[in-house]
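# Coordinates in review
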Amino acid sequence: MTRPLGIAALLAIGLLILLALIGPAIVPHDPLATRVASGLQPPSAVHWFGTDQLGRDIFSRVVVATRLDLAIAASAVCLSLVTGAAIGAACGYFGGVLDRWAGRVVDMLMAFPLFVVAMALVVALGNSVANIVYATAIINLPFYIRFARAEVAVRRDAGYVQAARLGGAGPWRIVFGTLLPNLAPSLAVQMSLNLGWAILNAAGLSFIGLGVRPPAAEWGVLTAEGAPFLISGQWWVAVFPGLALMGAVFAFNLAGDALRDLLDPRRRTT
Amino acid sequence: MTLAEVSGLGVSFGRIRAVDDVSFTVAAGEMLGLVGASGSGKSVTALALMGLVKPDRGTITGQGRRAIVFQNARRALNPTRTIGRQLADVLGSPVRVGDMLRRVGLSPDRADAYPFELSGGMCQRVMIALALATDPALLIADEPTTGLDTTVQATILDLIADLARERGMGTILITHDLALAAQRCDRIALLEGGRLVRIVLPGDLPPRPVASPQAAAPGSTLLRVDGLAKHYGKLRAVDGVDLVVREGEALGLVGESGCGKSTLAAMLARLIDPTAGRIEFAGEDIAAVPARRAAAAAWRGRLQMVVQDAGDSLDPRLTAAEAVAAPLRRLCRLSGAALHARVAELFDRVHLPRALHDRLPYQLSGGQQARVGIARALAPGPGFVILDEPTAALDAALQDAIMRLLDDLRRDLGVAYLLISHDLDVIRQLCGRVMVMQAGRIVEAGPVAEVFARPAHPHTAGLIAAIPQGRALRP
Amino acid sequence: MRQSIPAFAARRLLAILPVLAGAVVFVFVVMRLLPADPAAFLVTGPQGGPEQIAALRARLGLDRSIPEQLARYVRDVLSGDLGRSLTTGEPVLADLLQRLPASLELTIAAFAVALAAGIALGTAAAFRPGSAVDHACRFIATAGNSLPGFVVGLCLIYVFYVRLGWSPEPVGRLDGLMVPPPAVTGFLLADSLLAGDGAAFRSALGHLVLPAATMALFALAPLARITRAALIEVLASDYVRTARALQLPTRLVVVHYALHNAAVPIVTTLGLIFSYMLGANVLVEKVFAWPGIGSYALEAVLSADYAPIQGYVLLVALSFAAVNLLVDILYGLLDPRARIRP
């Protein structure tokens, strides 16, 4: 089942990236233009996803939100990937004091539910979009550190590493020239699976009022804005942004699974 | 009495015919050998006998119960259940558990142990007890000694033979080792590619060719090691080793797994730091340079090692040519056409077709991988090469070819070897002198022929006795 | 050496103490040191002159050295003084304890449902690979991982409350006008049963169903996935083959050879799943206006009220540590190899 679904997921991700790049230029309505007179209209040919209480076009807002959601998630994941993989690989290869301290910090972070850590970090650092990125990056960090550390520790005495040392390669060249490139495929899988998680996380933070704030369009914020109207039957205000969020996360998770199966047929689980 | 009669047996998995038209019989009190390379269908035949796979052709008939002893006993036992409970599961009650353990040479108070608390040999004894508990008329032993040390292998096979004699049981011994089968079995069925080639008697097999012992070539001292030790906490992996390697000679180092020989090799190759001791290479104390800085040392290119397990020793991202080029680039500062020419020359030296230059490791066969590993070690032109189990992962025919290649290279290039192996046969083929290692110490050393003929240390004698006679035979 | 179960449990308990100490330090660093100046944050409005800030800094002890602040903070935490909430005016500890049962009731209900459903689904899939159940399991495992809890909650509200009208208004734990049963355990389901109040029990159950389902859905996916993978691996293992070759009774093989060994990886992921659920709690409590510690923390977050947030984070770390301790002990019970003392 993986192959066609995986291709569909890749196509969906392509579409998301395209929307993130050119979305604001192609939306049918100005996402910020308010017209209270035509507020809370159900989906129609003019407003595909309906309008919100201020008469803003929900379809346009959902499309425009793609850029912000993807940008937050991607920058957070890249940040934690680069730092986490470097720290983890160094810990795994050199061991010693660095490894012990990094291990302690990771344990400390992991002693909390990570969403709660992210909440606390955003509150402490200040309620801004940049801090959502940092908070998401920090709570991702333990996974990359542990992953890179474990993979490097397993491989540090592998035959090809010994051979590289015999061939005159110094420790740094081995970590960054031999070991990390060999981890790249599995790191890519981690990253893809992680992107979905990062999107969920950032949207969750925005949903509870941290980070992105109205009137900026972001899926979590849009869902939160629509929630009060759900009870009175205007479901479209909250549901469409929620579905967009769900679809994006689903696409990244599927792509990650497909990528893993492709790279490592033995570990096929789902 | 015929315990099993297999006729025209065929088993397929999808389109693969694992077993194709195999027929044989086993009688009470008889030991039948089922011998073949991996993939020859011998294990599938066993599973079919046990009813664990469904044959799609042929019949299996016979009287009495059958039981099987699998290879790698530790994995074949439930890891989260004590061995006593597992025995009781089969017996139906815990009453006779102690009795059964005693019969396979285990103390009854071991019943509360979990498999991970027992050695590999003890696990295999438990496995045998489980099989016996079903009161079988026919015991199938599927590679029962794989992964065990040579001395333990012999005791396990003795146990199976004794029990079979006591109970008048028939036995099927499945192995890839023809010499072993010839030593133990009454009749031997040779399998190849899922088919039965023929059934022979041990006496029909030709005798073992006599190995040609080489005289130790006296040269000047290349490597001198004094009091070398490596301790991990309380464990003394290597505990005070002295040795000398002379220029151009091949020195063998033999010992069971865990005796410290790989640790010794890693220290000599300066991959890890010794706890104590001195390593003098070409007159220089190379132990003075810490292992993490050894990569930049001037002698790095002259002291090389062929890393154990060729498949694992090649970076999965590098092609064969890149793997050989990497040390040339860093240690010999070669580049461009000179680099290219040297790589090509090395490929020729180890008889690798140049067409394989751009293959990735997974696209190479086991023998080709081994050759790439040898070429890489020879690349910087070393005077001394450590060979750590260079043929362990290869099958018999390839082993021979690689051994011949190594011997030729030594003569042509005048390079000295330290050959590490758990297999005395390999040492006998290649080396002039041999050292025997046990528990971190060298217990015996001398010319190969002398040590083999008159072992001075009981451990050496045990290792020699454990080699099945006529191992050089191939099915 | 393999340790006995009590010795093992005691050692695990000791091993958790440094983690908790680390958690306290972490909370101190994040909540006390990172904010540019909490006092400036707190004193807003017209009376927030420099003198007031200085006075507040002195009162909060912010003018002292960092080790001294940490020492005072640790002393306060150990004596149960988590400060006062600026919003409710009550001690944070009292607030948290009063709201904890609501969160626990919700989390435990969801966890139980997810555990039962996830393991059943994963087991069914593993025993019949390639069947419809297996495909459903694989789909749920991936889809469930992608579901934002708050979107699921909103959709459930729309379908079951707005459209079908099956479920009560998604606000709180009881109908608005109902008098809660006398608090004994704090769990409404238990208290209403103890009081013999059938109406309150039905109302509490009705209010619990949707939020618990939302959270359960979240935890179901990883559970089904790991159960399926673990069982498939175990069923293909050498020791299950041995058991079959020895013709042991099927029930014995399934329970003691397959399920017992498959339970080991399942149990070790329970901690992680519980941690997800504690995080999801905040979102679900917001969606369903559930009066638990998550929504309490959320109010504090939005009004930059630091003491309740600190208290909440500490409480969550403590409960997570307690769950991990339980998981460790369970793991030690299931797998003797976990009890090896190096």
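Figured I'd write up the structure that's included with this text. Computed from a predicted model, the values in this text were never measured in an experiment.

### Focus: the overall build of chain A
Helix and strand counts for chain A stand at nine helices and zero strands. Written out in order from the N terminus, the α and β elements of chain A read α-α-α-α-α-α-α-α-α. Here the C-alpha coordinates of chain A stretch approximately 75 × 45 × 30 Å along the principal axes. Residue burial in chain A is summarised as follows: out of 270 residues, 56% are buried. For chain A, the share of sequence-separated contacts (at least 6 apart) that also reach a separation of at least 24 residues comes to 71%. Approximately 10,400 Å² of chain A is accessible, and the part contributed by carbon and sulfur atoms is 69%.

### Overview of the pattern of salt bridges
Residue and element names in this part refer to chain B. Inspection of the entire model under this criterion finds 34 salt bridges over all chains. The shortest N-O distance in the salt bridge between Asp-56 and Arg-17 comes to 3.9 Å. One end of the pair, Asp-56, is in the loop between helix H1 (42–49) and strand E4 (57–61); the other, Arg-17, is in strand E2 (residues 16–27), and 39 residues separate them in sequence. With relative accessibility at 43%, the residue Asp-56 sits in the partly exposed group. Among the residues examined, Arg-17 registers a relative accessible area of 33% and is labelled partly exposed.

### Focus: helix H13 (residues 396–413) of chain B
Taking 1.5 Å per residue as the helical rise, H13 of chain B with its 18 residues ought to reach 26 Å, and the 26 Å between its terminal C-alpha atoms agrees with that figure. By the burial criterion, the buried members of H13 of chain B are Gln-399, Ile-402, Met-403, Leu-405, Leu-406, Asp-407, Leu-409 and Arg-410 of chain B.

### Here we look at the packing of helix H8 (residues 219–230) of chain A against helix H7 (residues 149–163) of chain C
Running from N to C, H8 of chain A and H7 of chain C point in directions that differ by 15 degrees, and their axes come no closer than 11 Å. With respect to their mutual orientation, H8 of chain A and H7 of chain C come out roughly parallel. The handedness of the crossing between H8 of chain A and H7 of chain C is left-handed. Contact residues: Gly-220, Thr-223, Ala-227 and Leu-230 of chain A in H8 of chain A; Phe-150, Val-151, Leu-154, Ile-157, Tyr-158 and Val-162 of chain C in H7 of chain C. A breakdown of the residues in the contact of H8 of chain A with H7 of chain C according to their chemical character gives eight nonpolar, two polar and no charged.

### Describing the interface of chain C and chain B
The interface is formed by 19 residues belonging to chain C together with 24 residues belonging to chain B. Summed over the three residues of chain C that lose the most area to chain B, namely Arg-2, Arg-241 and Leu-246 of chain C, the buried surface amounts to 27% of that side. Summed over the shared surface of chain C and chain B, the result is two salt bridges. With a shortest N-O distance of 3.5 Å, Asp-238 of chain C and Arg-75 of chain B are connected by a salt bridge. The tally of links from chain C across to chain B stands at nine residue pairs in polar contact (both at pLDDT 80 or more). For the side of chain C that touches chain B, the elements supplying multiple residues, two or more each, are helix H10 (238–245) and helix H11 (250–287) of chain C. By residue number, the principal contributor to the side of chain C that touches chain B is H10 of chain C, which donates six residues.

### Re the packing of aromatic side chains
Residue and element names in this part refer to chain A. Scanning the entire structure with this criterion turns up 14 aromatic pairs over all chains. Both rings, one in Tyr-93 and one in Phe-94, keep their centres 5.3 Å apart while their planes meet at 90 degrees; by these two values the pair is edge-to-face. Since its relative accessible area comes to 8%, Tyr-93 is described here as buried. On the numbers, 5.8 Å between centres and 85 degrees between planes, the contact of Phe-143 with Trp-197 is edge-to-face. Here Trp-197 lies in helix H7 (residues 171–207) and Phe-143 lies in helix H5 (residues 129–155), a separation of 54 residues in the sequence.

### Overview of the environment of Phe-240 of chain A
Residues and elements named next belong to chain A. You can see Phe-240 is positioned in helix H9 (residues 236–263). Along the backbone, Phe-240 and Trp-219 are 21 residues apart, and their C-alpha atoms lie at a distance of 8.9 Å. When residues no more than four places from it in sequence are discounted, the contact partners of Phe-240 are Pro-43, Phe-49, Ile-58, Val-62 and Trp-235.

### Notes on the pairing of strand E1 (residues 2–13) of chain B
Residue and element names in this part refer to chain B. The sheet contact formed by E1 and E2 spans nine bridges and is antiparallel. Its bridge partner lying in E2, Glu-5 is registered against Thr-25. Linking E1 back to E2 in an antiparallel pair, the connection comprises two residues, with Gly-14 at a positive phi of about 60 degrees. Of the pairings in the sheet, the one linking E1 to E4 comprises four bridges and is antiparallel in character. Counted as the bridge partner of Ser-7 is Thr-59 from E4.

### Some remarks on the pairing of strand E6 (residues 138–142) of chain B
Residues and elements named next belong to chain B. Here E6 lies mainly inside the structure; five of its five residues are buried. The two faces of E6 match: Leu-138, Ile-140 and Asp-142 on one face and Leu-139 and Ala-141 on the other face are all buried. Direction of pairing for strand E5 (residues 66–69) relative to E6: parallel, over a ladder of four bridges. Of the residues in E6, the one forming a bridge with Ile-68 is Ile-140. Relative to strand E7 (residues 170–175), E6 runs parallel, the two sharing five bridges. Note that in E7 the partner of Leu-139 across the bridge is Thr-171. Note on the crossover from E6 through helix H6 (residues 150–167) to E7: the handedness is right-handed.

### Section: the packing of helix H2 (residues 58–94) of chain A against H9 of chain A
Residues and elements named next belong to chain A. Between H2 and H9, the least distance of the axes is 10 Å, while the angle of their chain directions is 35 degrees. The interaxial crossing formed by H2 with H9 has right-handed handedness. Along the contact surface, H2 presents Ile-58, Val-62 and Leu-70, while H9 presents Trp-236, Val-237, Phe-240, Pro-241, Ala-244 and Phe-252. A class-by-class count of the residues in the contact of H2 with H9 yields nine nonpolar, no polar and no charged.

Criteria and thresholds
Sequence order as written defines residue numbering, which begins from 1 separately in each chain. Labels follow written order: the first chain is A, the first ligand is 1, and so on. Restriction of local features to residues with pLDDT of at least 70 applies here, the model being predicted, together with a cutoff of 80 or more for giving and counting side-chain atom pairs; totals for whole chains, interfaces and linings are based on all residues. By convention in this description, side-chain values take in all heavy atoms of the structure and omit both hydrogens and water. Every helix listed is a DSSP run of H or I at least four residues long, and every strand listed is a run of E at least two residues long, numbered separately from the N terminus. Buried means the residue's accessible area, taken with a 1.4 Å probe over protein chains only, is under 20% of the maximum for its type, while exposed means over 50%, and partly exposed covers the values in between. The contact rule is simple, with two residues in contact once any of their heavy atoms fall within 4.5 Å. Accessibility throughout is a Shrake-Rupley quantity obtained with a 1.4 Å probe, and a residue counts as covered only by protein chains that appear here. Salt bridges are defined by distance alone: a side-chain nitrogen of Lys or Arg within 4 Å of a carboxyl oxygen of Asp or Glu. By definition here, a helix of n residues has an expected span of 1.5 Å times n minus one. What counts as an axis is a line fitted to C-alpha atoms, over the stretch in contact for a helix, and the angles between N-to-C directions run from 0 to 180 degrees. Here is the rule for angles: anything less than 35 degrees is roughly parallel, anything more than 145 is roughly antiparallel, 65 through 115 is roughly perpendicular, and the remaining ranges are oblique. We call a crossing left-handed when the near helix sits turned anticlockwise from the far one by less than a right angle, and right-handed when that turn is clockwise. Each residue is assigned to one class: nonpolar for Ala, Val, Leu, Ile, Met, Phe, Trp, Tyr, Cys and Pro, charged for Asp, Glu, Lys and Arg, and polar for all the others, Gly among them. The term buried area refers to how much accessible surface (probe radius 1.4 Å) is lost by two components on association, counted for both of them together. Any pair of N or O atoms that falls within 3.5 Å is considered a polar contact. Within protein, one atom must be able to donate a hydrogen and the other to accept it, and sequence-neighbouring residues count only if both atoms are side-chain atoms. Aromatic rings from Phe, Tyr and Trp, with only the six-membered ring used for Trp, were paired whenever their centres fell within 6.5 Å, and each pair was classed as stacked if the ring planes differed by under 30 degrees, edge-to-face if by over 60, and tilted otherwise. Strand pairing requires that DSSP identify at least two bridges connecting the strands. Handedness is read with the strands pointing away from the viewer; a crossover is right-handed when the path from the first strand over the helix to the second is clockwise.

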